[in-house]
Amino acid sequence: MDKTKIMFNVHVTPMPVVVGSTKLEVVDEYVYLGQIVRLGKSNFDREVNRRIQLGWAAFGKLRHIFSSDIPQNLKTKLYNQCVLPVMTYGTETWSFTAGRMRKLKVAQRAMERAMLGVSLRDKLRNEDIRSRTRVTDIAQRISKLKWQWAGHIARRTDNRWGRKVLEWQPRTGRRSVGRPPTRWSDDLVRHAGSRWMQVAQDRALWHSLGEAYVQWTCEGL
């Protein structure tokens, strides 16, 4: 019962919930399966910041290796295998905007400078830094993960919730005034069309479209 929490959205009046003799804690957010669950429009922004913090924590544990005199190619392999997966965990389920992607890119550039022992005052171009570190670009990894996951969801035939959520349409209700928030499938629709789930059935075509999608993401959405 200590692990059970209660969250309320704006349509429900918060009230105490008691199970047996245990009063459940009411929270605004909690971590579930490694990601922050939060009601509202700022859910992904919070998770981006959290991923960056966890990435720096993983980087800090290995800082003595990154600052050592071992060959750069070994540092690159270590970064790609131990730090980058921490920063990109669960990103295939995010709705990405240019601002969120920019935050992750900035964090990765800072880590690369720390690996090389340089600072912003050295005024090295990003291209020069990347040519020396040769780490996997975080935007490239994220876009590949999302494109692969989207194709996997679209080709599922086991009637799981993943595909049902994408196809769900509310029966009632009106959209709020103003520009709607970025949806998870918006960038997929832009590159593969509104019938992207049907397009994904052709694995070869989906793979070829994915290459253009990755390039577009790396260039800044």
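As the structure is a computational prediction, the values presented were derived from the model and not from experiment. (Residues numbered from 1 in each chain as written. Predicted model: local features only at pLDDT ≥ 70, side-chain atom pairs only at ≥ 80, totals over all residues. Heavy atoms only, no water.)

Caption draft 1: Just the overall build of the chain, in detail. What the chain contains, in helices and strands, is 11 helices and six strands. Along the three orthogonal principal directions, the C-alpha set of the chain runs to about 60 × 50 × 35 Å. Each of the 221 residues in the chain was classed as buried or not, and the buried ones make up 33%. Residue pairs at least 24 apart in sequence account for 60% of intrachain contacts in the chain once pairs closer than 6 positions are excluded. Split by element, the accessible area of the chain, about 14600 Å² in all, is 52% carbon and sulfur. Seen as two clouds, the 40 positive and the 20 negative side-chain charges of the chain have centres 2 Å apart. (Helix = DSSP H or I, 4+ residues; strand = E, 2+ residues; numbered from the N terminus. Buried < 20%, exposed > 50% of the residue type's maximum accessible area, 1.4 Å probe, protein only. Contact = heavy atoms within 4.5 Å. Areas by Shrake-Rupley, 256 points an atom, 1.4 Å probe, with all protein chains shown as cover. Lys, Arg positive; Asp, Glu negative; His and termini not counted. Charge placed at Lys NZ, Arg CZ, Asp CG, Glu CD.)

Caption draft 2: Broad picture of unusual backbone geometry. In this structure, leucine 33 is a non-glycine residue whose phi angle is positive, near 55°. Relative to the elements of secondary structure, leucine 33 occurs in the loop between strand 5 (29-32) and strand 6 (35-38). The backbone phi angle of asparagine 159 is positive, close to 60°, even though this residue is not glycine. Secondary-structure assignment places asparagine 159 in the loop between helix 7 (138-154) and helix 8 (161-167). Given the relative accessible area of 57%, asparagine 159 is considered exposed.

Caption draft 3: Looking closely at the nonpolar core. Ranked by size, the top nonpolar core spans 22 residues in total, and within it Phe59, Phe66, Tyr79, Val83, Met87 and Leu104 carry the most contacts. Listed by contribution, the elements that provide at least two residues to this core are helix 1 (43-61), helix 3 (72-82), helix 4 (84-87), helix 5 (98-116) and helix 7. Looking at this core element by element, the count peaks at five residues for helix 5. Setting aside anything within four residues of it in sequence, one finds phenylalanine 66 in contact with Phe59, Lys75, Leu78, Tyr79, Val83 and Met115. In this structure, Trp147, Ala150, Met197 and Trp216 belong to the second largest nonpolar core, which totals 13 residues. (Core = buried A, V, L, I, M, F, W, Y, C linked by side-chain atoms within 4.5 Å.)

Caption draft 4: How the structure looks around the packing of aromatic side chains. Counted under the stated rule, the structure contains nine aromatic pairs. Residues tryptophan 94 and phenylalanine 96 carry aromatic rings whose centres are separated by 5.3 Å and whose planes lie at 40° to one another, so their mutual orientation is tilted. Assigned by exposure class, tryptophan 94 and phenylalanine 96 land together as buried. Each residue in the set Trp147, Trp184, Trp196, Trp206, Tyr213 and Trp216 is aromatic and connected to the rest through ring pairs, giving one cluster. (Phe/Tyr/Trp six-rings, centres within 6.5 Å; stacked < 30°, edge-to-face > 60°.)

Caption draft 5: Region of interest: the pairing of strand 6. In this sheet, strand 6 lies alongside strand 5 in antiparallel orientation, the contact comprising four bridges. Note that in strand 6 the partner of glutamate 29 across the bridge is arginine 38. From the end of strand 5 to the start of strand 6, which pair antiparallel, there are two residues, and leucine 33 there has a positive phi angle of about 55°. (Pairing = 2+ DSSP bridges.)

Caption draft 6: Region of the structure containing the pattern of salt bridges. Scanning the model with the defined rule gives 13 salt bridges in all. Note that aspartate 45 is salt-bridged to arginine 100, the shortest N-O span being 2.8 Å. Of the two residues, aspartate 45 is situated in helix 1 and arginine 100 in helix 5; the sequence distance between them amounts to 55 residues. Measuring nitrogen to oxygen at the nearest pair gives 3.1 Å for the salt bridge that ties arginine 183 to aspartate 186. Of the residues examined, aspartate 186 reaches a relative accessible area of 25% and is grouped as partly exposed. (Salt bridge = Lys/Arg side-chain N within 4 Å of Asp/Glu carboxyl O.)

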